[in-house]
Amino acid sequence: MSSKRYWIAVAGAQNCEILRRNGFAFFAVGPRFRNIIQRVQPGDELVLYRAGGGSKSGFTLLARVTTAAYERHSREFAGMRLLPHRVGLQPLTEPPVPV
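Definitions and limits used
Residues numbered from 1 in each chain as written. Predicted model: local features only at pLDDT ≥ 70, side-chain atom pairs only at ≥ 80, totals over all residues. Heavy atoms only, no water. Helix = DSSP H or I, 4+ residues; strand = E, 2+ residues; numbered from the N terminus. Buried < 20%, exposed > 50% of the residue type's maximum accessible area, 1.4 Å probe, protein only. Contact = heavy atoms within 4.5 Å. Polar contact = N/O pair within 3.5 Å; in protein donor to acceptor, adjacent residues only side chain to side chain. Phe/Tyr/Trp six-rings, centres within 6.5 Å; stacked < 30°, edge-to-face > 60°.

Chemist: A description of the side chain of His-85 should follow, citing residues and the corresponding values.
Modeler: By secondary structure assignment, the location of His-85 is in strand β6 (residues 85-93). Looking at His-85, the relative accessible area reads 8%, which means it is buried. For His-85, the contacting residues outside a window of four places in its chain are Phe-27, Ala-28, Val-29, Gly-30, Pro-31, Arg-34, Ile-37, Tyr-70 and Glu-71.

Have a look at this one:
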């Protein structure tokens, strides 16, 4: 039996807003982080850090992982970047401002 793990994920301000508009239903990474996201399992918890936003930088979400890693090839992120490696999320806490 595996134990729950805790992960810190980082997204730029634009991609964080895209994730927010999608209800924080998933988190996505590019090929460089494929091996890491494949280790994330349902039941793990993820904390999202919003980077590069000046005073808006900080932790912006605590979520439970709901799916194993999967791939989806759609270009919905800043600069039309392809971030195909994903996990599903269930938001637990979203502070009104990043902390």
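Chemist: Hey, could you go over the side chain of Ser-74 for me, with residue numbers and the actual values?
Modeler: Examined against the element boundaries, Ser-74 turns out to sit in the loop between β5 (70-71) and β6. Owing to a relative accessible area of 16%, Ser-74 belongs among the buried residues under this scheme. At a separation of 3.4 Å, a polar atom in the side chain of Ser-74 contacts the side chain of Arg-86. Leave out the neighbours within four places in its chain, and Ser-74 touches Arg-81, Leu-82 and Arg-86.

Chemist: Which residues make up the packing of aromatic side chains, and what are the values?
Modeler: All chains considered together, the criterion is met by two aromatic pairs. Judged by centre distance (6.2 Å) and plane angle (85°), the ring pair of Phe-26 and Phe-77 falls under edge-to-face. Of this pair, Phe-26 sits in strand β2 (residues 26-29) while Phe-77 is found in the loop between β5 and β6, placing the two residues 51 residues apart along the sequence. For Phe-26, a relative accessible area of 8% corresponds to the buried category. An angle of 75° between the planes, with centres 5.1 Å apart, marks the rings of Tyr-49 and Phe-59 as edge-to-face.

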